[in-house]
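Overview (structure and organization)
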Amino acid sequence: MTTGEGKRSCCTGGGFFRLGKCFPEESFQSWGNYARALRETPSRLVDRIFARSEDALELTEMKARSLHEMKKTLTWWDILWFGLGAVMGAGIFVLTGLEARSVAGPAVILSYLFSGISALLAIMCYTEFAVEIPVAGGSFAYLRVEMGDFMAFIAAGNIMLEYLVSGAAVSRAWTSYFATLINRRPDDLRIHVPSLAENYNHLDPISVGITFLTGFGAVFSTKLSSRFNTAIAMTQVAIILLIIVAGFTHADPANLTAPDGFAPYGFQGVFRASAVLFFAYVGFDAVACMAEETKNPGRDLPIGLIGSISIITLLYCSMALALTMMQPYSTIDPDAPFTVAFDTVGLHWVKYLVALGALTGMTTVLLAAAIGQARYVTHIARSHLVPPCLAVVDGTRQTPVAATVSMIVGISAVSLFTELGVLSDLLSMSTLVIFTLVALALFVRRYYVSGETAAADRNKMIGCIVVILAASLGFAVGTALDVRSVPLYAVSGGVWFLGTLGLQLFLKKARAPKVWGTPFVPWLPSASIAINIFLLGSLDKASYLRFLLWTLFLFVYYLLFGLHASYDMAKKAAQERNPREKAAEEGEAPPIACGGRGGGEIQDPPAAEISNN
């Protein structure tokens with residue numbers, strides 16, 4: 001651990017805009033330093049684009065920058081229920097009716113199944129990384145190791161957006177179901193401000209309150225939060241099972257095909273609904289960020305993550321089936337589908353059960369998200385891409401207090417203003433992009449090792465990946481343009497198959513997983529990429545515009561701040577590494593610098609990380 005002197009030297013001083021420890025890097029210590037850094041932006045950008053980290057760096061030296069360790073208290077049982085609690089929230093109760101009535105019809109069941117398969121493929125890719133690199137950074141750490149510092153930051157920024165949006169969406173939905181429970185309309189509990197823009201003018205103070213309450217639990221104790229989450233998640237699963245049973249007792253199979261057939265909007269509608277309903281599966285990636293606090297990652301993470309997403313898919317499909325069998329899809333209420341459906345069949349009391357189930361689920365979603373997203377921010381801050389003061393782990397609570405508070409404040413600000421409809425589309429966009437990048441990173445991990453893989457094999461890998469991406473884009477274009485062309489999909493499918501087969505036949509795997517590996521590589525991650533990009537083609541133009549604007553903002557931030565902070569940290573760590581290695585050879589232990597134990601990236605050239613895995 002760092003010494004007290006190390007902490008002071010690292011985290012105090014004038015800093016950029018006199019913000020002290022938030023900007024401790026050399027480039028921000030004076031306006032002259034900052035101007036010099038900006039002049040060097042092109043060379044620094046090239047350096048960081050090709051910078052790659054190492055497993056060992058993420059596992060030891062990066063963690064040491066938090067000053068204290070997070071306590072390992074979680075088992076597979078905790079991870080399983082965190083997975084259930086993190087995912088089962090507003091999505092199934094809120095979005096099912098809208099998508100069934102207007103987009104997919106009774107085939108919304110297939111939409112949930114398709115989204116669930118996509119989530120399962122993605123979680124299998126995630127799990128290999130989580131087991132091999134069990135740190136708080138989640139996909140940020142995985143991409144930093146396999147695809148470089150720059151790509152990791154762009155992905156991290158979109159994950160941050162995902163967490164902000166998902167937390168805000170769930171907290172606003174919490175208000176809606178709380179209103180149902182007390183026989184009030186949701187807008188009765190919100191403050192209408194006519195001067196603000198539409199979709200942003202119904203202020204929701206209750207969503208802010210529940211966000212802060214769950215955030216306090218995340219700060220207090222991870223293990224106690226886990227116990228609370230398990231109890232509430234068990235209650236929610238019991239309620240969902242009661243809703244499913246009650247629905248089936250009043251079901252009419254004829255409603256699945258009346259009045260216009262099982263898939264009245266065609267398979268285009270099924271897939272378009274899948275892209276939006278993917279919102280209902282968002283959250284398990286936050287659970288992967290708890291790997292650093294898991295007792296036995298090699299056993300606990302695969303059981304917990306894969307088990308939870310499998311159970312959730314089964315429950316979602318069953319709920320959708322019960323709803324569409326209770327009444328014709330054209331009569332399903334888009335705002336309160338389950339409540340109105342049970343009122344229609346005479347089970348008026350079930351609306352309170354639905355509201356209670358939604359409230360318990362959304363509470364656990366907010367709690368699990370608060371825990372996961374804070375750990376994600378913590379690891380990003382360890383790299384200095386955001387202020388490193390957010391990386392500090394509290395020595396008493398052994399939780400990342402600063403990172404948790406920062407995310408809670410951000411979620412509260414978004415949830416106060418923004419309507420759920422705006423949030424759900426944007427969330428699916430960010431999530432699908434991140435899942436695609438993680439699957440691509442898995443290809444790199446299995447088929448490429450820097451310094452060992454021949455250039456010819458590297459080029460073959462890149463070529464096959466390009467073919468897979470091109471074929472997947474073919475699927476997406478067909479969906480986006482609503483093209484009902486069998487030849488288009490057949491050609492895209494054939495090209496995808498050939499690209500994946502090329503990886504299978506012409507490349508030897510350069511690395512095997514040590515503990516647990518994703519099965520059926522390259523077919524499983526290739527299928528994950530194809531499905532994710534295919535679903536991206538179902539989203540609307542507004543979602544793409546918001547996503548591109550956010551990514552542009554991230555790039556500007558990176559050029560002005562993140563690039564120079566991470567460059568300085570890497571350069572300083574490289575300078576510290578040489579005397580430590582020399583001292584180790586001579587049997588001595590030099591003082592540890594403020595960057596943490598070891599503190600650095602492998603550099604070649606001086607400020608670029610490389611992987612020697």
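Residues numbered from 1 in each chain as written. Predicted model: local features only at pLDDT ≥ 70, side-chain atom pairs only at ≥ 80, totals over all residues. Heavy atoms only, no water.

Another point: the overall build of the protein chain. In terms of helices and strands, the protein chain carries 22 helices and 2 strands. Among the 613 residues that make up the protein chain, the fraction classed as buried is 60%. Of the contacts formed within the protein chain by residues at least 6 apart in sequence, a portion of 84% connects residues at least 24 apart. Of the roughly 22800 Å² of accessible surface on the protein chain, 68% is carried by carbon and sulfur atoms. (Helix = DSSP H or I, 4+ residues; strand = E, 2+ residues; numbered from the N terminus. Buried < 20%, exposed > 50% of the residue type's maximum accessible area, 1.4 Å probe, protein only. Contact = heavy atoms within 4.5 Å. Areas by Shrake-Rupley, 256 points an atom, 1.4 Å probe, with all protein chains shown as cover.)

This paragraph deals with the pattern of salt bridges. Taken as a whole and judged by the stated rule, the model has 16 salt bridges. Its salt-bridge partner being Arg446, residue Glu128 comes within 2.9 Å of it at the nearest N-O pair. Residue Glu128 is found in helix H7 (residues 108-132), and its partner Arg446 is found in helix H18 (residues 420-447); the two are separated by 318 residues along the sequence. The closest approach of N and O atoms between Glu293 and Arg375, which form a salt bridge, is 2.6 Å. Of this pair, Glu293 sits in the loop between helix H13 (284-288) and helix H14 (297-326) while Arg375 sits in helix H16 (residues 350-382), placing them 82 residues apart in sequence. For Arg375, a relative accessible area of 0% translates into the label buried. Through salt bridges that share partners, Arg52, Asp55, Glu132, Glu146, Arg445 and Lys514 make up one connected network. (Salt bridge = Lys/Arg side-chain N within 4 Å of Asp/Glu carboxyl O.)

The next point concerns the confidence of the model for the protein chain. Of the residues in the protein chain, 87% have a pLDDT of 70 or more, and the chain-wide mean is 80. Across the protein chain, the element-wise mean pLDDT spans from 38 in helix H1 (residues 4-11) up to 92 in H14. Across residues 1-20 the pLDDT falls below 50, and counting only partners more than four positions away or on other chains, this stretch makes 33 contacts in the model. Counting contacts from residues 584-613, a segment whose pLDDT is below 50, to residues more than four positions away or on other chains yields 91 contacts. (pLDDT = per-residue confidence, 0-100.)

With that settled, consider the packing of helix H9 (residues 149-181) against helix H17 (residues 401-417). Viewed as axis vectors pointing N to C, H9 and H17 meet at an angle of 55°, and their least axial separation amounts to 8 Å. When the interaxial angle is binned, H9 and H17 end up oblique. In this structure, H9 crosses over H17, and the sense of that crossing is right-handed. Between H9 and H17, the contacting residues are Met160, Tyr163, Leu164, Gly167, Ala168, Ser171 and Arg172 on the first element and Met407, Gly410, Ile411, Val414, Ser415, Leu416 and Phe417 on the second. Looking at the contact of H9 with H17, its residues break down into 9 nonpolar, 4 polar and 1 charged. (Axes fitted to C-alpha atoms, helices over the stretch in contact; angles between N-to-C directions. Parallel < 35°, antiparallel > 145°, perpendicular 65-115°, else oblique. Left-handed = near helix turned anticlockwise from the far one by under 90°. Nonpolar A, V, L, I, M, F, W, Y, C, P; charged D, E, K, R; others polar.)

What follows covers the environment of Arg227. Within the secondary structure layout, Arg227 lies in helix H11 (residues 222-249). On the basis of relative accessible area, Arg227 is assigned to the exposed category, the value being 52%. Between the alpha carbons of Arg227 and Trp81 there is a distance of 9.3 Å; along the sequence they are 146 residues apart.

For the rest of this paragraph, the subject is the nonpolar core. Of all hydrophobic cores here, the largest spans 166 residues; its most connected members are Phe93, Tyr112 and Tyr126. When residues in this core are grouped by element, the largest group, 18 residues, is from H16. Non-local contacts of Tyr126, meaning those with residues more than four positions away in its chain, are made with Ser139, Tyr142, Ile159, Phe284, Asp285, Ala288, Ile434, Phe435 and Val438. (Core = buried A, V, L, I, M, F, W, Y, C linked by side-chain atoms within 4.5 Å.)

Moving on, we get to the layout of surface pockets. Estimated volume of the second largest pocket: approximately 560 Å³. Among the secondary structure elements, those contributing two or more residues to the lining of the second largest pocket are H9, H18 and helix H19 (455-480). Take the lining of the second largest pocket: its biggest share by element is 5 residues, from H19. (1 Å grid on protein atoms, 1.4 Å probe; cavity = no way out; pocket = protein on both sides within 12 Å on 5 of 7 lines; lining within 4 Å. Points joined across faces, edges and corners; volume = space filled by probe spheres on them.)

Moving on, we come to a nonpolar patch on the surface. Together, Leu38, Leu545, Leu549, Leu552, Val556 and Leu560 make up an exposed nonpolar region whose accessible area comes to about 510 Å². Sorting elements by how many residues they give to the nonpolar patch places helix H22 (residues 541-585) first, with 5 residues. Considering the arrangement of structural elements, one finds Leu545 in helix H22. (Patch = residues over 30% accessible without salt bridge, like charges linked within 9 Å, V, L, I, M, F, W, Y side chains within 5 Å.)

In this section: H9. In a regular helix each residue adds 1.5 Å, so 33 residues correspond to 48 Å; H9 covers 47 Å between its end C-alpha atoms and thus fits that length. With its phi angle positive at about 60°, Asn183 sits one or two positions after the end of H9. (Expected span 1.5 Å × (residues − 1).)

What follows deals with unusual backbone geometry. Along the chain, Val521 connects to Pro522 via a cis peptide bond; the corresponding omega equals 15°. When you line up the elements, Pro522 lands in the loop between helix H20 (486-506) and helix H21 (523-536). Positive phi, normally seen in glycine, also occurs at Phe520, with a value near 55°. Among the secondary structure elements, Phe520 is positioned in the loop between H20 and H21.

On to the side chain of Gln327, then. If you trace the backbone, Gln327 turns up in the loop between H14 and helix H15 (337-344). For Gln327, a relative accessible area of 5% puts it in the buried group. A distance of 3.1 Å separates polar atoms of two side chains, one belonging to Gln327 and the other to Thr331. Those residues in contact with Gln327 that lie beyond four places of it in its chain are Asn255, Ile332, Pro337, Val340, Ala341 and Thr344. (Polar contact = N/O pair within 3.5 Å; in protein donor to acceptor, adjacent residues only side chain to side chain.)

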